[in-house]
Structures are given as C-alpha cells and as structure tokens.
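Take a look at the letters that make up each chain.
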Amino acid sequence: MTKPIPRISSRRNGRIGSRKSGRRIPKGIIHVQASFNNTIVTVTDVRGRVVSWSSAGTSGFKGAKRGTPFAAQAAAANAIRTVVDQGMQRAEVMIKGPGPGRDAALRAIRRSGILLSFVRDVTPMPHNGCRPPKKRRV
C-alpha cells in the first residue's frame, strides 16, 4: 500500500477571498414561497442566479412553528440581510402560495429599506386542470 502524496496548494485549489461578497448587485428579485408548513425566501439577481436564501426552518423554527407569520418574518430578514450588505437597493417581489407567512414576509421586506418596484402574486392557479381527490369521510 502506497502512501498518498500530499497536495501542494496552488491557485486552483485555494480561493483567495470570498467570491459571493465580491459581487455588487444593485437590483434583484425576491421570491417568497409560503406554504402552510414553511416559508422559503430566495433572493436572486436579475438573471435568476441565487444570491441568498433562507427558510423558517433554517432560521431556527422547528415543527408547527415554521408555519407561523413570525417565522416567515425572521426568514425574510435573514435572507435580505446578506444582500443589503452586497449593495442591493431595488427589488421585485414574487409571492407564491397560500400560507400564513405571505404578509409577514412582505412586511419584513418593506422594513429592510429596499425599494420595491412591484409586488406580484405568482401562485399557480389551475384553469380547471386535474380532478381533485375525493372528499374525506371522517
């Protein structure tokens, strides 16, 4: 059995400085997905590349507490804190889903100081698509 040869670090292996903090993003899109169980906030640049994200679960809430408006507010604040440091001033907001965290997340985004160009509801609505499941008989 041969001994492994230790790698000598080169420019390819080690990155000098963080690449994410080096990018300046003046405008972006904030996606809020609010389900009944969780709220996920994703911040992207104009081309759709993810810059920052957070959810109620990653903000420290577990179980049924993830679906609360306060957890959605904390998730939105966590996601936006990093992009404000990168220089984001303007944003568009896309809100999807019927959850209780919709309004709370939007309130937290408004308080962050980012100018919102528009707020759009992109919840998928069927045009009488699939047949719904049968009624529950309890």
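Just above, that's the structure.
Residues numbered from 1 in each chain as written. Predicted model: local features only at pLDDT ≥ 70, side-chain atom pairs only at ≥ 80, totals over all residues. Heavy atoms only, no water.

Caption draft 1: Structural context of helix α3 (residues 102–111). Listed in full, the buried residues belonging to α3 are Ala104, Ala105, Leu106, Ala108 and Ile109. Check the buried side of α3 and you find it contacts β1 (27–34), α2 (69–85), β4 (90–96) and β5 (115–121). Positive backbone phi, approximately 100°, marks Gly113, located one or two places after α3. (Buried < 20%, exposed > 50% of the residue type's maximum accessible area, 1.4 Å probe, protein only. Helix = DSSP H or I, 4+ residues; strand = E, 2+ residues; numbered from the N terminus. Contact = heavy atoms within 4.5 Å.)

Caption draft 2: Quick peek at the nonpolar core. Among the nonpolar cores identified, the biggest contains 21 residues, and Ile30, Val32, Val41, Met88 and Ile109 are the most heavily contacted of them. Where this core is concerned, the elements lending two or more residues are β1, β2 (39–45), α2, β4 and α3. In terms of residue count, the dominant contributor to this core is α2 (6 residues). Apart from residues no more than four positions distant in its own chain, Val32 is found in contact with Thr39, Ile40, Val41, Met94, Ile95, Lys96, Ala105 and Ile109. (Core = buried A, V, L, I, M, F, W, Y, C linked by side-chain atoms within 4.5 Å.)

Caption draft 3: Inspection of the environment of Gln86 at higher detail. Within the secondary structure, Gln86 sits in the loop between α2 and β4. For the pair Gln86 and Arg23, spaced 63 residues apart in sequence, the C-alpha separation works out to 6.9 Å.

Caption draft 4: Quick peek at the side chain of Glu92. Within the secondary structure, Glu92 is located in strand β4. When its relative accessible area of 14% is taken as the criterion, Glu92 is described as buried. Beyond its immediate chain neighbours, meaning those up to four positions away, Glu92 contacts Lys27, Gly28, Ile29, Ile30, Ser117 and Phe118.

Caption draft 5: Expanded view of the environment of Ser52. The topology assignment puts Ser52 in strand β3 (residues 50–55). Overall, Ser52 belongs to the buried group, its relative accessible area being 8%. With 10 residues separating them along the chain, Ser52 and Thr42 place their C-alpha atoms 6.0 Å apart. Ignoring anything within four residues of it in the chain, the contact list for Ser52 reads Val41, Thr42, Val43, Ala79, Thr82 and Val83.

Caption draft 6: Here's a closer look at the side chain of Thr42. By secondary structure assignment, the location of Thr42 is in strand β2. Excluding residues within four positions of it along the chain, Thr42 makes contact with Ile29, Ile30, His31, Val50, Ser52 and Trp53.

Caption draft 7: Summary view of α2. Spanning 17 residues, α2 covers 25 Å between terminal C-alpha atoms, matching the ideal 24 Å at 1.5 Å per step. All of the buried residues in α2 are Ala71, Ala72, Ala75, Ala76, Ala79, Ile80 and Val83. For α2, the arc enclosing every buried residue in end-on projection is 155°, short of the 170-degree limit, so these residues lie on one face. Opposite the packed face of α2, turned more than 90 degrees from it, sit the exposed residues Phe70, Arg81 and Asp85. Elements in contact with the buried residues of α2: β1, β2, β3 and α3. (Expected span 1.5 Å × (residues − 1). Arc of directions from axis to C-beta.)

Note that every value here comes from positions in space, so none of it alone points to a role or purpose.
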